[in-house]
Amino acid sequence: MATLPHCVGAVQQLMLQGELRVQYLVDMDSDDGTQAYLAAERDRWHISDYTSESFSNEFAAMNRGLELACGKVCVFIRPEDEMMVENTAACCAPILRGEVGAVFSSTLMVDPISGQAEPRNPNTDHLFLRTPCRLPSFFCSTELMRRLGGFDGAVYPALADCDLMHRVLGSGEEYRVVLLSTCRHYLQPDEDKPEALHLDFLRFIVAHRTEILQQCCEHPAYAIRTIHEIQRHTVRCTWPLEQSILDGLEKLLYELRVNVKPVVLRKICRRLRRRALVQGALILFRGMERARVTLKLCRGNFYVARLLSDR
């Protein structure tokens, strides 16, 4: 409720503009006054409609929105986001004309205290390693999104948006990458990626092992980037990891070694071992909470180094 007025205010501008119509706000059965607020905004014609139901996670709620949608383009925004009306129509236009199935655009990351804004531009070059763009800046044909099955929150409870974007990229449909900022995201205090997101990224990387290895064969530098991303996620997870993730990472890291020059591989392993040793020594001098974080760093770095150097 604290951030929802920002979201509704931007949606209202789209409705008043007349060129585009916005349909539904989906509420996950909130009990903080959200439903009464949305009902009042609907009665004032500030939003078209809303639905409030119980969902297992936010991606199940988004699938409900996809099910209800009658428009030709879908874009999903969260309460802490604001659509930028001046660029929204431009990103919808090529989809409405049937030229592309999706558009990836930029997000302005806004610090609400200082007011400083920094664009986060879309990037479709690092397939299977990063999210192509933030969800509120991803415009997709409703028909295409439905054909692909929407968000798979059961497999990726924290990363279903990234999974859907990659399925769109792999669908064969034309898409467009633009540097227009279509959304403002207001950073929340102590905003950080939850551990579930890092676990989902590891699951996602493991699930696309074949595609990643193909990329590495075509672009050897991609192997080093993949190792870096695996290390970045493993150090943020509580150990031991799920056995399926461990088995998949073991196969992938062993095969990645073929695509990295031995001298570079030795350098990476030395750096990771050195980090693990320093972090291991620091555990004894940290408080309980910081010691747990340091232990994650130590185990993750040592694990990746061992798999890259063993066999």
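Residues numbered from 1 in each chain as written. Predicted model: local features only at pLDDT ≥ 70, side-chain atom pairs only at ≥ 80, totals over all residues. Heavy atoms only, no water.

K.L.:
Whenever I open this one, the overall build of the protein confuses me. Can you help?
P.N.:
If you tally the helices and strands in the protein, you get 12 helices and eight strands. For 311 residues, the compact-globule estimate of 2.2 N^0.38 gives 19 Å, and the C-alpha radius of gyration of the protein, at 22 Å, lies within 12% of that figure. On the principal axes, the C-alpha backbone points of the protein span a range of 65 × 45 × 35 Å. By residue count, 47% of the 311 residues in the protein fall in the buried class. Considering only intrachain contacts with a sequence separation of at least 6, the fraction spanning at least 24 residues in the protein is 78%. Accessible surface, the protein: about 15,900 Å² in total, of which carbon and sulfur atoms supply 53%. Mean positive and mean negative side-chain charge positions of the protein (38 and 39 charges, respectively) differ by 11 Å. (Helix = DSSP H or I, 4+ residues; strand = E, 2+ residues; numbered from the N terminus. Rg over C-alpha atoms; globule rule 2.2 N^0.38 Å. Buried < 20%, exposed > 50% of the residue type's maximum accessible area, 1.4 Å probe, protein only. Contact = heavy atoms within 4.5 Å. Areas by Shrake-Rupley, 256 points an atom, 1.4 Å probe, with all protein chains shown as cover. Lys, Arg positive; Asp, Glu negative; His and termini not counted. Charge placed at Lys NZ, Arg CZ, Asp CG, Glu CD.)

K.L.:
Please clarify how the pattern of salt bridges should be interpreted in this entry.
P.N.:
When the charged atoms of two side chains with opposite charge come close together, those side chains can pair. Scanning the entire structure with this criterion turns up 20 salt bridges. In this structure, Arg64 and Glu67 form a salt bridge, with 2.9 Å as the shortest nitrogen-oxygen distance. In this pair, Arg64 and Glu67 are both assigned in helix 3 (residues 58-68), three residues apart and thus about one turn of the helix distant. According to the relative accessible area criterion, Glu67 is exposed, its value standing at 56%. Here the salt bridges do not stand alone but share partners, grouping Arg130, Arg225, Glu229 and Arg232 into one network. (Salt bridge = Lys/Arg side-chain N within 4 Å of Asp/Glu carboxyl O.)

K.L.:
What is the right way to look at the packing of helix 1 (residues 4-17) against helix 4 (residues 85-96) in this model?
P.N.:
Packed helix pairs are specified by the crossing angle of their axes together with the interaxial distance, meaning the distance between the axes. Axis separation between helix 1 and helix 4 bottoms out at 10 Å; the angle between their running directions is 65°. Seen from above, helix 1 lies across helix 4 with right-handed handedness. Of the residues in helix 4, those in contact with Ala10, Gln13, Leu14 and Gln17 of helix 1 are Val85, Thr88 and Ala89. Of the residues belonging to the contact of helix 1 with helix 4, the class tally is four nonpolar, three polar and no charged. (Axes fitted to C-alpha atoms, helices over the stretch in contact; angles between N-to-C directions. Left-handed = near helix turned anticlockwise from the far one by under 90°. Nonpolar A, V, L, I, M, F, W, Y, C, P; charged D, E, K, R; others polar.)

K.L.:
When you look at the state of the cysteines in this model, what are you seeing that I'm missing?
P.N.:
By definition, a disulfide is the covalent link that joins the sulfur atoms of two cysteine residues. Applying the stated criterion to the full structure yields zero disulfides. Here Cys217 is not cross-linked by a disulfide; its sulfur's nearest cysteine counterpart is in Cys216, at 7.0 Å. The structure places no disulfide on Cys269, whose sulfur is separated from the nearest cysteine sulfur, that of Cys298, by 15 Å. (Disulfide = S-S within 2.5 Å.)

K.L.:
Help me understand the pairing of strand 2 (residues 49-52), please; the structure alone is not making it clear to me.
P.N.:
Along a regular strand, successive side chains alternate from one face of the sheet to the other. Both strand 1 (residues 24-27) and strand 2 contribute to a ladder of four bridges, which runs parallel. By the bridge assignment, Leu25 is partnered in strand 2 with Tyr50. For the crossover from strand 1 across helix 2 (residues 34-43) to strand 2, the handedness is right-handed. (Pairing = 2+ DSSP bridges. Right-handed = clockwise from strand over helix to strand, strands pointing away.)

K.L.:
Would you mind going over the side chain of His166 with me for this structure?
P.N.:
Secondary-structure assignment places His166 in helix 6 (residues 160-169). In this structure His166 touches Leu127, Phe128, Arg130, Pro132 and Phe204, once residues within four positions along its chain are discounted.

K.L.:
How should I be thinking about the side chain of Ser106 in this particular structure?
P.N.:
Take Ser106: it is sitting in strand 5 (residues 102-110). Given a relative accessible area of 0%, Ser106 falls into the buried group. One polar contact links Ser106 to Asn121, side chain to side chain, over a distance of 2.8 Å. Those residues in contact with Ser106 that lie beyond four places of it in its chain are Arg120, Asn121, Pro122, Ser137, Val178, Leu179, Leu180, Ser181, Thr182 and Cys183. (Polar contact = N/O pair within 3.5 Å; in protein donor to acceptor, adjacent residues only side chain to side chain.)

K.L.:
Hey, could you run me through the confidence of the model for the protein in this one?
P.N.:
The share of residues in the protein with pLDDT of 70 or more is 97%, and the mean pLDDT across the chain is 89. Mean pLDDT in the protein bottoms out at helix 1, which sits at 77, and peaks at strand 7 (residues 138-141), which reaches 98. (pLDDT = per-residue confidence, 0-100.)

K.L.:
Explain a positive patch on the surface here, please?
P.N.:
Taken together, Arg266, Lys267, Arg270, Arg271, Arg274 and Arg275 make up a surface patch of like positive charges. For Lys267, the location among the structural elements is in helix 11 (residues 262-282). A relative accessible area of 53% means that Lys267 is categorised as exposed. (Patch = residues over 30% accessible without salt bridge, like charges linked within 9 Å, V, L, I, M, F, W, Y side chains within 5 Å.)

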